[in-house]
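Architecture and fold: a report
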Amino acid sequence: MTEPTHPTNFIRHIIDADLAAGKHDRRVVTRFPPEPNGYLHIGHAKSICLNFGIARDYQGRCHLRFDDTNPAKEDVEYINSIQEDVRWLGFDWGTHLYHAADYFGRLYDWAEQLIAAGKAYVCELSAEEIRTTRGTLTQPGKESPYRHRPSAESLDLFRRMRAGEFPDGSRVLRAKIDMASPNLNMRDPVMYRIRRESHHRTGDAWCIYPMYDWAHGLSDALEGITHSICTLEFADHRPLYDWYLAAAATEHRPQQIEFARLNLTYTVMSKRMLLELVKDRHVGGWDDPRMPTISGLRRRGVTPEAIREFCDRIGVAKMDSTIEMGVLEAAIREDLNVRVPRVMCVHRPLRVIVENFPEGRVEELEAPFFPDDPPKMGARKIPFARELFVEQDDFLEEPPKKFTRLAPGREVRLRWGFILKCHAVVKDSGTGAVTELRCTYDAESGTGAPRDGRKIGSAIHWVAAAHSVPVQVQLYDRLFTVPDPAGGGADFKTHLNPQSLEVLTGARAEAAVGAASPGTRFQFERRGFYFADPIDSRPGAPVFNRIVALRDSWAKVAGGG
RNA sequence: UACCCGGUGGUGUAACGGUAACACUAGGGGUUUUGGUCCCCUCAUUGGUGGUUCGAAUCCACCCCGGGUAGCCA
């Protein structure tokens, strides 16, 4: 037995059993069926990885099918973004791209068959009346007065519905099942409604549109789907799914299996809420790097590999659960750690004058791109000069006990460079803020070769002032301040994190960083992983999104007091 | 309180009647010119009560708790 590529789960167990039992002709065909009414998010990624992953591992196939039965909410903009996102995630539907709308004709024919068989009828109750006669969770519904009309009459009416003889909302086609069923989905569900709405795919060919339940199962059957995987809230629909397949006497009988959708802490996953964030301008758009959308994660700089790894780690089950954001962050760090070169970028520069280093002189030092694996990408030269920039928070005038960075009278290692000692602090006479450090360097400490045994606390990143380039850095944090913004009673937007984006315009980086083309990733040493924004960057003026910060155990010590 | 679905460490997932595994988090230690990485260690007897069994997280019964469902949305 070979090592399984992916953790197992209850759905794979079901498929194993089906295969062993010879079900579905021993085929495995899945599908990812988004409605084109919004952008894909990481919750969809879970479903995509599940469906396409199963198809791959069982030598089956996975279809991409747009569940486009409600033209009022759907748009080609979404059709395009969804395809782009699925492809970017690394999956391929080959020739199996479908639209529920392409089945409208066959769905219609099947509907006529049901009517002829006395299994469906045209109902003239208003939407309001249908609702009130449906009963409640604890009380049975009442039969529609149109329920027992002759099938010939329903057939005639249904044809005229299609022909456009009746106004929107005046009639629906209903399945004749059981108004007393404890499952509300079985209380004569609506199959078709009249809606004069232009469809992105069928134009004005239809003025009646099928409902989800009627369209979905039959679409699965038409495509020969074997395992129709959906989220938990559809479990109550399964009896209806099966009823429709039986009523239509389809050749294939796919089976619906439900799993728990993804919940992530410190974000929201509902399309409605995401749309609201976009429309109310709380974020820059669907692809804002703070959004949990696929396009947002891509824009942020997260790789498809990291997302796939994340999806493997979280597993698949039926229990409602919420994954900690830390799991996603860990997957991202692990992926980037081995593939992204290290460079230095000072975020909030503090000027350092190296008093014993001659003005005008420059010394070239060598720094590896992958310190843990030097041959990987080699090294670059970094210039050292009299005037440097170090990070403001790497200096403390009155350092706490465990602080090992720079302070008056203290030494620190300049990463890939000399040992630096701080002698004096220059402050702004007005504000009292530290504006400059007067230091000296130890010329003998050059390459980090054996020294005199002195213990140097830490190595800090730096750049030579004159050789550094200005870059814009955008620090992203969690979009919300609470783990479950959508929970509780309050409007989720009251939990928006006002500090979810911090723009640093004064950052200084190594020259090579300034020349980076959009889409380039770096680890800025000691800070995090960054991505040259493909949209905001301009030639020679990259804008870096922080993808994820490095784990920071010092922050825990310092922050804890 | 009608029907459906769930309850395994802080968070997730696994174990499919044979004695609780993996990941993340947290804490501790080692390595380290990133307070990074890497390595090692520690943290659960499986909602409760009974029952079946040589043996139960796995099977049965009852109870408790959580989630879903009353669109002409998907």
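Conventions and cut-offs
- Residues numbered from 1 in each chain as written.
- Chains lettered and ligands numbered in written order.
- Predicted model: local features only at pLDDT ≥ 70, side-chain atom pairs only at ≥ 80, totals over all residues.
- Heavy atoms only, no water.
- Helix = DSSP H or I, 4+ residues; strand = E, 2+ residues; numbered from the N terminus.
- Buried < 20%, exposed > 50% of the residue type's maximum accessible area, 1.4 Å probe, protein only.
- Contact = heavy atoms within 4.5 Å.
- Areas by Shrake-Rupley, 256 points an atom, 1.4 Å probe, with all protein chains shown as cover.
- Lys, Arg positive; Asp, Glu negative; His and termini not counted.
- Charge placed at Lys NZ, Arg CZ, Asp CG, Glu CD.
- Near = heavy atom within 4 Å.
- Polar contact = N/O pair within 3.5 Å; in protein donor to acceptor, adjacent residues only side chain to side chain.
- Pairing = 2+ DSSP bridges.
- Axes fitted to C-alpha atoms, helices over the stretch in contact; angles between N-to-C directions.
- Parallel < 35°, antiparallel > 145°, perpendicular 65-115°, else oblique.
- Left-handed = near helix turned anticlockwise from the far one by under 90°.
- Nonpolar A, V, L, I, M, F, W, Y, C, P; charged D, E, K, R; others polar.
- Domains from an automatic or database assignment.
- 1 Å grid on protein atoms, 1.4 Å probe; cavity = no way out; pocket = protein on both sides within 12 Å on 5 of 7 lines; lining within 4 Å.
- Points joined across faces, edges and corners; volume = space filled by probe spheres on them.
- Expected span 1.5 Å × (residues − 1).
- Phe/Tyr/Trp six-rings, centres within 6.5 Å; stacked < 30°, edge-to-face > 60°.
- Lys NZ or Arg CZ within 6 Å of the ring centre and 35° of its normal.

What follows is about the overall build of chain A. Regarding its fold elements, chain A presents 14 helices and 25 strands. With the C-alpha coordinates of chain A rotated into their principal frame, the extents come out at 100 × 60 × 45 Å. Classification of the 561 residues of chain A by burial places 51% in the buried group. Taking the contacts inside chain A whose residues are at least 6 apart along the sequence as the reference set, 71% of them involve residues at least 24 apart. Summing over all exposed atoms, chain A offers an accessible surface of approximately 25,300 Å²; the carbon and sulfur share of this is 50%. If the 75 positive side-chain charges of chain A are averaged to one point and the 77 negative ones to another, these points end up 2 Å apart.

All right, on to the protein's contact with RNA strand B then. Of all residues adjacent to RNA strand B, which total 70 residues, the nearest are Arg195, Asp372, Arg405, Arg415 and Arg551. At the protein interface, 63% of the atoms of RNA strand B within 4 Å belong to sugar or phosphate. A distance of 2.6 Å separates a phosphate oxygen of RNA strand B from a polar side-chain atom of Thr69. Arg134 is positioned such that a nitrogen or oxygen atom in its side chain is 3.1 Å from a phosphate oxygen of RNA strand B.

Here seven strands make up an open sheet; going across it, the order is S19-S16-S17-S18-S12-S15-S20 and the pairing mixed. The open sheet has two edge strands, strand S19 (459-460) and strand S20 (462-464), and neither has a second partner. One ladder, built from three bridges, connects strand S16 (residues 411-414) with strand S17 (residues 419-427); its direction is antiparallel. The partner of Arg413 across the bridge, within S17, is Ile419.

One way to put it is that helix H4 (residues 104-116) packs onto helix H7 (residues 212-223) with a least axis distance of 11 Å and a crossing angle of 110°. Between H4 and H7, the crossing angle belongs to the class labelled roughly perpendicular. Read as a crossing pair, H4 and H7 show a hand that is right-handed. Residue-level inspection shows Arg106, Leu107, Trp110, Ala111 and Leu114 of H4 in contact with H7, the latter providing Trp214, Ala215, Leu218 and Leu222. Looking at the contact of H4 with H7 residue by residue, the class counts come to eight nonpolar, no polar and one charged.

This paragraph deals with the domain arrangement of chain A. Domain annotation of chain A identifies domain 1 (10-263) and domain 2 (342-556). Using only C-alpha atoms to locate each centre, domain 1 and domain 2 end up separated by 54 Å.

Turning to the layout of surface pockets, a few remarks are in order. Here the second largest pocket is characterised by a volume of approximately 1,200 Å³. Lining the second largest pocket we find 48 residues, and of these Arg527, Arg546, Val548, Ala549 and Leu550 sit closest to its centre. With six residues, helix H12 (residues 325-337) is the largest single contributor of residues to the lining of the second largest pocket. Of the residues belonging to the lining of the second largest pocket, the class tally is 24 nonpolar, seven polar and 17 charged.

The end-to-end C-alpha distance of H7, which contains twelve residues, comes to 16 Å, matching closely the 16 Å that a straight helix rising 1.5 Å per residue would cover. In terms of burial, H7 is largely enclosed, as ten of its twelve residues are buried. Taken as a whole, H7 has its buried residues at Asp213, Trp214, Ala215, His216, Gly217, Leu218, Ser219, Asp220, Ala221 and Glu223.

This next bit is on the sheet that holds strand S6 (residues 190-194). Strand order in the open sheet formed by four strands is S4-S5-S6-S7, with antiparallel pairing between adjacent strands. Across the chains shown, the open sheet's two edge strands, defined by having one partner strand only, are strand S4 (120-123) and strand S7 (208-210). Geometrically, the sheet is characterised by an average inter-axis angle of 20° between neighbouring strands, direction not taken into account. Examined bridge by bridge, S4 and strand S5 (residues 172-175) share four bridges and lie antiparallel to one another. Bridging from a neighbouring strand, Val122 pairs with Leu173 of S5. Strands in contact with H4 are S4, S5, S6 and S7; relative to S6, the strand with the most contacts, it is inclined by about 115°. In the packing of helix H6 (residues 151-163) onto the sheet, contacts are made with S4, S5, S6 and S7, and the angle to S4 comes to roughly 60°.

Turning to the environment of Phe480, a few remarks are in order. Note that Phe480 resides in the loop between strand S21 (469-476) and strand S22 (501-509). You can call Phe480 buried: its relative accessible area is 1%. Here the alpha-carbon distance between Phe480 and His423, two residues 57 residues apart in the chain, equals 43 Å. Other than its neighbours up to four places away in sequence, Phe480 contacts Tyr266, Thr267, Val268, Leu277, Pro485, Phe492, His495, Leu496 and Asn497.

Okay, the packing of aromatic side chains next. Under the criterion given, the structure shown has 23 aromatic pairs. Between Phe522 and Phe544, the ring centres sit 6.0 Å apart and the planes meet at 55°, which makes this aromatic pair tilted. Highlighted residues: Phe522 in strand S23 (residues 521-524) and Phe544 in strand S25 (residues 543-549), separated in sequence by 22 residues. Residue Phe544 is classed as buried on the basis of its relative accessible area of 0%. Across the ring face of Phe166, the terminal group of Arg171 is positioned such that the distance to the ring centre comes to 3.8 Å. Its end group placed over the ring of Trp88, Arg298 keeps NZ or CZ at 5.2 Å from the ring centre.

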